[in-house]
Amino acid sequence: MTTGLTDAARNPIPETGLESLAESLQGAILRPEDDGFAEATLIWNGMIEKIPGAVVQPVSVGDVVATVNFARENDLEISIKGGGHNIAGLALSDGGVTIEFSEMRGVDVDVSTRTARVQPGCKLSDVDKATQAHGLAATLGFVSETGVAGLTLGGGFGYLTRQFGWTVDGLLEVELVTAAGDVVRASREENEELFWALRGGGGNFGVVTEFVFELNPIGPEVTAGLIAWSAEDSDAVTQLFRRVTESAPRELTIAMLMRNAPPAPWLDPSHHGQPMIAFAICHTGSPEEAEADLAAVRSHGEPWADLIQVKEYVAQQSMLDATQPKGMHYYWKSEFIASLSDEMLSDYRAQFDGLEAPANQIVLFHIEGALGERPEDDGAIGNRDAAYVCAIASMYPSEGSADTNKAWVRNAWETLRQYSTGGNYINFQTADEPDDRIGGSYRDALDRLARVKAQWDPHNLFRVNRNIKPA
Ligand SMILES: Cc1cc2nc3c(=O)[nH]c(=O)nc-3n(C[C@H](O)[C@H](O)[C@H](O)COP(=O)(O)OP(=O)(O)OC[C@H]3O[C@@H](n4cnc5c(N)ncnc54)[C@H](O)[C@@H]3O)c2cc1C
């Protein structure tokens, strides 16, 4: 268990100061004994055991400013909860103050400029539903319950990344409350260096109170779904994945995964628990183009299930939600991969020999395309040499064997990391990742990030994150 307890977190929250703060806020403050506290502090990874001393639920930028000032003046740890999906539990402070944004989930779409103003408590589904009402979309991730804030600040990728790049490549502007309690805006024209850092540098620089995204025409219908085969065919299926992804148009994105088959209604019961290999697919072109581009996939072998169909993009965006229930224990490792060799695919398949864990999986997300067309230093996310994200993931109940599951992830990672670009995804880092993995994520951008941190948060008020130490 990791608590992340720091000296500042141990400072008691001054009662009279908190009462004054409560009087000045439009939103609520919850203490551990209050109704609603448990819900406000519920996060996705059940492995995390942190209890904030107080939760502030802002409804305005003014509430955020008052809370940041209160935490700074009383030397309290402060954390920010967007969607609460960070695997390291970075949404919560242990003993300090957590800003919880569930009361700020508005999305304002401007069809004429193809932009969306997004509040910091939004889940991906909030944005997808609002933008898809106009046939538009921002580049967001694969599970609709994930928070827009954390995903964006760490870079972000999803089904649209091949066409439009990292999520932050479509970020136009943010509004931010700084460590000093000032409200500033950052974009390519204003506070440019801060804007560079926010595009990948996480929650290190302040509290974002508004994101402005560029939108692109998508759907509302796409050709998408899942196709699965027996893992006995995994030699050919992994080759198929490589062949198709290496020549696929950018409208087609495939994520390949191997695991033991879940007890899902779309699988014949005889397959439940049996080793499976599957593609999650989204094609944003016309149905005719999709049919042609997916012909080799859909005619391959004898699939256990083929759920690919013309469907709403928002439905595809939530297709994988049920596979990631809140409260289970999760442990991951990730690497960016530039290309798939025979050796790599063979090592990938070998991780499943004799695997008994029902839900452990390795996903290879194809992301190559638009992100590689920008300069490496266009935003702190970098990693523009990545063509695939390799995510090694275990999921087990609280009474499950943490040691066995973590060991499987670590062993698979030890084998597969030799194929890495050298980069890994900051948003997939667990609480026990050593600091050098942060350097592994940012690579050449780390020193520059440390200088921006020194300018905007010299005393490291915002440190419940993958922390960048001020230079
Ligand atoms: C099931 C699942 C699926 C995922 N799929 C994808 C995917 O497809 N693509 C992808 O790119 N990532 C994906 N991720 C990773 C995801 O991007 C990170 O977990 C991210 O941290 C989630 O954001 P959140 O707002 O839910 O996180 P939280 O846990 O609420 O916050 C995480 C961090 O973000 C910072 N933060 C949050 N809000 C703010 C704010 N307003 N201002 C400043 N800092 C803030 C906090 O400091 C904290 O450190 C997935 C994660 C999960 C659990």
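An account of the accompanying structure is given in this report. Just so it is clear, the structure is predicted and the values come from calculations on it, not from any experiment. (Residues numbered from 1 in each chain as written. Predicted model: local features only at pLDDT ≥ 70, side-chain atom pairs only at ≥ 80, totals over all residues. Heavy atoms only, no water.)

1. Points about the overall build of the protein
- A tally of regular secondary structure across the protein gives 16 helices and 19 strands.
- Taking 23 Å as the expected radius of gyration for a compact globule of 471 residues, we find that the protein reaches 22 Å, a close match to that expectation.
- Counting every position in the protein, which comprises 471 residues, the buried fraction comes to 61%.
- Taken as a whole, the protein presents about 17900 Å² of accessible surface, with 48% of it coming from carbon and sulfur.
- One finds the centroid of the 36 positive side-chain charges in the protein at a distance of 3 Å from the centroid of its 68 negative side-chain charges. (Helix = DSSP H or I, 4+ residues; strand = E, 2+ residues; numbered from the N terminus. Rg over C-alpha atoms; globule rule 2.2 N^0.38 Å. Buried < 20%, exposed > 50% of the residue type's maximum accessible area, 1.4 Å probe, protein only. Areas by Shrake-Rupley, 256 points an atom, 1.4 Å probe, with all protein chains shown as cover. Lys, Arg positive; Asp, Glu negative; His and termini not counted. Charge placed at Lys NZ, Arg CZ, Asp CG, Glu CD.)

2. Considering a negative patch on the surface
- There is a patch of like negative charges on the surface, built from Glu251, Glu288, Glu289 and Glu291.
- Mapping Glu289 onto the fold places it in helix α10 (residues 287-293). (Patch = residues over 30% accessible without salt bridge, like charges linked within 9 Å, V, L, I, M, F, W, Y side chains within 5 Å. Salt bridge = Lys/Arg side-chain N within 4 Å of Asp/Glu carboxyl O.)

3. Description of the pairing of strand β17 (residues 329-337)
- Taken across its 9 residues, β17 has 9 buried, putting it largely inside the fold.
- Here β17 shows two buried faces, one formed by His329, Tyr331, Lys333, Glu335 and Ile337 and the other by Tyr330, Trp332, Ser334 and Phe336.

4. Some thoughts on the sheet that holds strand β2 (residues 54-57)
- With mixed pairing, the 4 strands of this open sheet are ordered in space as β1-β2-β4-β3. Strands with a single pairing partner mark the edges of an open sheet, and in this sheet they are β1 (28-30) and β3 (78-81). Taken over all neighbouring pairs, the strand axes of this sheet differ in orientation by 25° on average, direction set aside.
- Note that β3 and strand β4 (residues 97-100) share 4 bridges and pair parallel. Looking across to β4, one finds that Ile80 is bridged to Ile99. (Pairing = 2+ DSSP bridges. Axes fitted to C-alpha atoms, helices over the stretch in contact; angles between N-to-C directions.)

5. Focus: the nonpolar core
- In terms of nonpolar packing, the biggest core is built from 81 residues, with Phe157, Leu194, Leu198, Phe211 and Phe365 touching the most fellow members.
- With 5 residues, the single largest contributor to this core is helix α8 (residues 192-198).
- Phe211 has contacts with Ala116, Arg117, Val118, Pro120, Ala149, Thr152, Leu153, Leu171, Glu173 and Val174, leaving out every residue within four places of it along the chain.
- In this structure, Trp229, Leu252, Ile277 and Tyr419 belong to the second largest nonpolar core, which totals 42 residues. (Core = buried A, V, L, I, M, F, W, Y, C linked by side-chain atoms within 4.5 Å. Contact = heavy atoms within 4.5 Å.)

6. Regarding the packing of helix α2 (residues 15-24) against helix α4 (residues 61-73)
- Taken N-terminus to C-terminus, the directions of α2 and α4 make an angle of 170°; their axes are 10 Å apart at the nearest point. With respect to α4, the element α2 is oriented roughly antiparallel. In this structure, α2 contributes Gly17, Leu18, Leu21 and Ser24 to the contact, and α4 contributes Asp63, Ala66, Thr67 and Phe70.
- Per-class residue counts for the contact of α2 with α4 are 4 nonpolar, 3 polar and 1 charged. (Parallel < 35°, antiparallel > 145°, perpendicular 65-115°, else oblique. Nonpolar A, V, L, I, M, F, W, Y, C, P; charged D, E, K, R; others polar.)

7. As for the side chain of Arg31
- Looking at the element boundaries, Arg31 is found in the loop between β1 and α3 (37-40).
- Looking at Arg31, the relative accessible area reads 19%, which means it is buried.
- A distance of 3.0 Å separates a polar atom in the side chain of Arg31 from the backbone oxygen of Gly53.
- When near neighbours in sequence (up to four residues on either side) are disregarded, Arg31 contacts Glu15, Leu18, Phe37, Gly53 and Ala54. (Polar contact = N/O pair within 3.5 Å; in protein donor to acceptor, adjacent residues only side chain to side chain.)

8. Points about the packing of aromatic side chains
- Evaluated as defined, the whole model comprises 18 aromatic pairs.
- For the ring pair Phe157 and Tyr425, a centre distance of 5.4 Å and an interplane angle of 65° mean the geometry is edge-to-face. Taken together, the residues Phe157 in the loop between α6 (148-153) and α7 (161-164) and Tyr425 in the loop between α14 (402-416) and α15 (436-442) connect sequence positions 268 residues apart.
- In this structure Phe157 comes out as buried when scored by relative accessible area, which is 4%.
- Stacked on the ring of Trp413, the Lys or Arg Lys333 has its end atom at 4.7 Å from the ring centre.
- A cation sits over an aromatic face here: Arg448 above Trp196, 3.8 Å from the ring centre. (Phe/Tyr/Trp six-rings, centres within 6.5 Å; stacked < 30°, edge-to-face > 60°. Lys NZ or Arg CZ within 6 Å of the ring centre and 35° of its normal.)

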